[in-house]
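Residue-level structure breakdown
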Amino acid sequence: MTVVPPAAAPPVELAPEVAQALAEGRPVVALESTIITHGMPYPANLETARGVEDVVRANGATPATIAVLDGRLCVGLDDEALERLARSAEGADGTHDGGGEVVKASRKDLPAVVARGATAGTTVAATMYLAHLAGVRIFATGGIGGVHRGAEHTFDVSADLDELGATPVTVVCAGAKSILDLPKTLEVLETRGVPVIGLGTDEFPAFFSRTSGLPVDHRVDTPEQLAAVLVEHRRLGLRGGVLVANPIPEADAIPAEEIDARIDEAIADAERAGITRKEVTPYLLARINELTDGRSLVANIALVRNNAAVAARTAVALVALGG
Ligand code: PSU
Ligand code: MN
C-alpha cells in the first residue's frame, strides 16, 4: 500500500511558521495531540505541549503540533488552540473522557470528525498521516500504541502499527509502555517492514524504563547517523515509516519492578470496568497516573521532551544531508 493522498482530500492548514519553514526547506518536527487531549491531565498537558514546542525550537527546528480544530486539519497550532485542547482533558472538569467534546481521532475517525466539523486530538496514526500530507517527515511522541496484552483474546492492536507500515514518516518514541505486549508489538512491526532503530541503545526501551531485554533491529548513536539511515530508507523507496526508540533519560527512569505492578493493577481495573476499543489506552494512562501519584506523569513529560530534542536534531541533520 502506497500512501497517495486523493485529489479531493481536504487540504491540511499549515500554520504560517510551518508553511514558511517547509517552503524554505528548513527542519520541521510534527507533534501529536492525543497526548494532550487523552494522554495527560490538565494542566500538565498544556505545560508539556508548550514545553515540547520550546524544546524543538531550542534544537533548531520548527514545531508543528497537529490536531483537528472544528473540522480543520491543522498542522501547527497557536497557543489558544493548545489551551483549548488541553482544557478538554481529564483534570479540567474531573472526567476521564476528554470532556466529551474533543474526540480521540485515529486514522479511521478523521472522515467523520472533518465532516461534522468536530475537534480532535490526533493519535500517532492520524498524526503520521496528516504530517505526510503536509510534507513533514519526522515526528516526536512519547509512546506508540501497539499490541495490547491479551490481544490473542481481544484482538486489540493499535492502528499506529499499520500506519507505521504504510506512511513514510519517522516516529521518535521512548519505546512502548508495558500496558502493551512488547514482544508481540515488535513482531508486528517486523511483519510490517518497519525498521526499529535504537538511539544509543541495543534494546527496545520500555517507556518508563530504559531496557526491556528485547533487541532493536539496528543501533545508531547520533542524530547524524540516524539521518543517514533515513536518507537510505527514502532512496530505497521503502514504503512506510521508521520507528526510532530513544530511551528515557537515566535520571527520570522508573525501575520496571516499581511500575509493572501498578500497570498490572490498571489493566485489571480496565478489564473489570469493561473498557474496550479506543477507550482502553486513555483509561490505562489515567489510571497509571493515579496509581503512581503522578510519578508516571513526571517520567512521561521528561521522555517526551527528550524525544522532541532528538527529533529536532535529526530533522536538522536530514536537511544538512539534503535528504
Ligand atoms: N501511549 C502513551 N501515551 C499516549 C498514547 C499512547 O504512552 O498518549 C496515545 C497516542 O496518541 C497513541 C494512542 O497513538 O494513544 C494509541 O491509542 P490506541 O491504543 O487506541 O491506538
Ligand atoms: Mn486499541
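You'll find the structure just up there.
Notes on the structure in this doc start here. (Residues numbered from 1 in each chain as written. Chains lettered and ligands numbered in written order. Predicted model: local features only at pLDDT ≥ 70, side-chain atom pairs only at ≥ 80, totals over all residues. Heavy atoms only, no water.)

**Some words on unusual backbone geometry**
With an omega of 5 degrees, the peptide bond running from Tyr42 to Pro43 counts as cis. Along the chain, the position of Pro43 falls in the loop between helix H2 (34-39) and helix H3 (44-58). Phi is positive for Asp70, close to 50 degrees, though the residue is something other than glycine. Inspection of the secondary structure puts Asp70 in the loop between strand S3 (62-69) and strand S4 (72-75). For Asp70, a relative accessible area of 42% corresponds to the partly exposed category. Phi at Phe207 takes a positive value of approximately 65 degrees, unusual for a residue other than glycine. Tracing the chain through its elements places Phe207 in the loop between strand S9 (196-199) and strand S10 (218-220). The exposure class assigned to Phe207 is buried, which follows from its relative accessible area of 1%. (Helix = DSSP H or I, 4+ residues; strand = E, 2+ residues; numbered from the N terminus. Buried < 20%, exposed > 50% of the residue type's maximum accessible area, 1.4 Å probe, protein only.)

**Looking at the environment of Ala176**
Looking at where Ala176 falls in the secondary structure, it is placed in the loop between strand S8 (170-173) and helix H9 (182-191). C-alpha of Ala176 to C-alpha of Phe204: the two residues are 28 residues apart in sequence and 8.5 Å apart in space. Excluding anything up to four places from it in sequence, Ala176 contacts Ile144, Leu182, Phe204, Pro205, Ala206 and Phe207. (Contact = heavy atoms within 4.5 Å.)

**Topic: the pattern of salt bridges**
With the rule as written, the count across this model stands at 23 salt bridges. Put simply, Glu163 and Arg107 hold a salt bridge, and the shortest N to O gap is 2.6 Å. Of this pair, Glu163 sits in helix H8 (residues 159-166) while Arg107 sits in the loop between strand S5 (102-105) and helix H5 (110-115), and the two are 56 residues apart along the sequence. You can call Glu163 buried: its relative accessible area is 1%. Classification of Arg107 as partly exposed rests on a relative accessible area of 35%. A salt bridge links Arg219 to Asp221; the shortest N-O distance between them is 2.9 Å. With relative accessibility at 45%, the residue Asp221 sits in the partly exposed group. (Salt bridge = Lys/Arg side-chain N within 4 Å of Asp/Glu carboxyl O.)

**Comments concerning the packing of aromatic side chains**
Per the stated rule, a full pass over the model turns up 1 aromatic pair. Taken together, a centroid distance of 4.9 Å and an interplanar angle of 90 degrees make the contact between Phe207 and Phe208 edge-to-face. The side chain of Arg107 reaches across the aromatic face of Tyr129, ending 5.3 Å from its centre. (Phe/Tyr/Trp six-rings, centres within 6.5 Å; stacked < 30°, edge-to-face > 60°. Lys NZ or Arg CZ within 6 Å of the ring centre and 35° of its normal.)

**Section: the site of ligand 1**
Near ligand 1 lie 15 residues; those nearest to it are Glu32, Lys104, Ser158, Asp160 and Lys177. In this structure, an oxygen atom belonging to ligand 1 sits 2.8 Å away from a main-chain N or O atom of Val124. Between Asp160 and ligand 1, the recorded distance is 2.7 Å, taken from a side-chain N or O atom to an oxygen atom. If ligand 1 stood free it would expose 480 Å²; the protein chains cover 93% of that surface. Among the elements of the structure, H2 and helix H12 (280-291) are those that each provide at least two residues to the shell around ligand 1. Counting residues per element, the shell around ligand 1 draws most heavily on H2, at 3 residues. Partitioned by chemical class, the residues of the shell around ligand 1 number 4 nonpolar, 7 polar and 4 charged. (Near = heavy atom within 4 Å. Polar contact = N/O pair within 3.5 Å; in protein donor to acceptor, adjacent residues only side chain to side chain. Areas by Shrake-Rupley, 256 points an atom, 1.4 Å probe, with all protein chains shown as cover. Nonpolar A, V, L, I, M, F, W, Y, C, P; charged D, E, K, R; others polar.)

**Remarks on helix H13 (residues 295-320)**
Because the α-helix completes a turn every 3.6 residues, residues three or four places apart line up on one side. Helix length check: H13, at 26 residues, gives a terminal C-alpha distance of 38 Å against a target of 38 Å (1.5 Å per residue), a fit within 8%. Looking at the residues trailing H13, positive phi occurs at Gly322, about 75 degrees. (Expected span 1.5 Å × (residues − 1).)

**Let's talk about the pairing of S9**
Burial along S9 is two-sided: the face carrying Val196 and Gly198 and the face carrying Ile197 and Leu199 are both buried. In terms of strand pairing, S9 meets strand S11 (residues 242-245) through 3 bridges, oriented parallel. Bridged to Val196 within S11 is Leu243. Here S9 pairs with S10 via 3 bridges, running parallel. When the sheet's bridge partners are listed, Gly198 is paired in S10 with Arg219. (Pairing = 2+ DSSP bridges.)

**Regarding helix H4 (residues 79-87)**
For H4, the full list of buried residues reads Ala81, Leu82, Leu85 and Ala86. Take H4 and look down its axis: the buried residues cluster within an arc of 130 degrees, on one side only. Along its buried surface, H4 packs onto H2, H3, S3, S5 and strand S6 (119-122). (Arc of directions from axis to C-beta.)

**Overview of the side chain of Ser178**
Along the polypeptide, Ser178 turns up in the loop between S8 and H9. Beyond its immediate chain neighbours, meaning those up to four positions away, Ser178 contacts Arg149, Asp260, Ile263 and Ile267.

**Comments concerning the side chain of Thr122**
Looking at the element boundaries, Thr122 is found in strand S6. Within polar-contact distance, the side chain of Thr122 engages the backbone oxygen of Ile66 at 3.0 Å. Dropping the residues within four chain positions of it, Thr122 is found in contact with Glu32, Ser33, Thr34, Ile66, Ala67, Val68, Ala105, Leu110, Thr127 and Leu130.

Keep in mind these numbers describe shape, not what the thing actually does.
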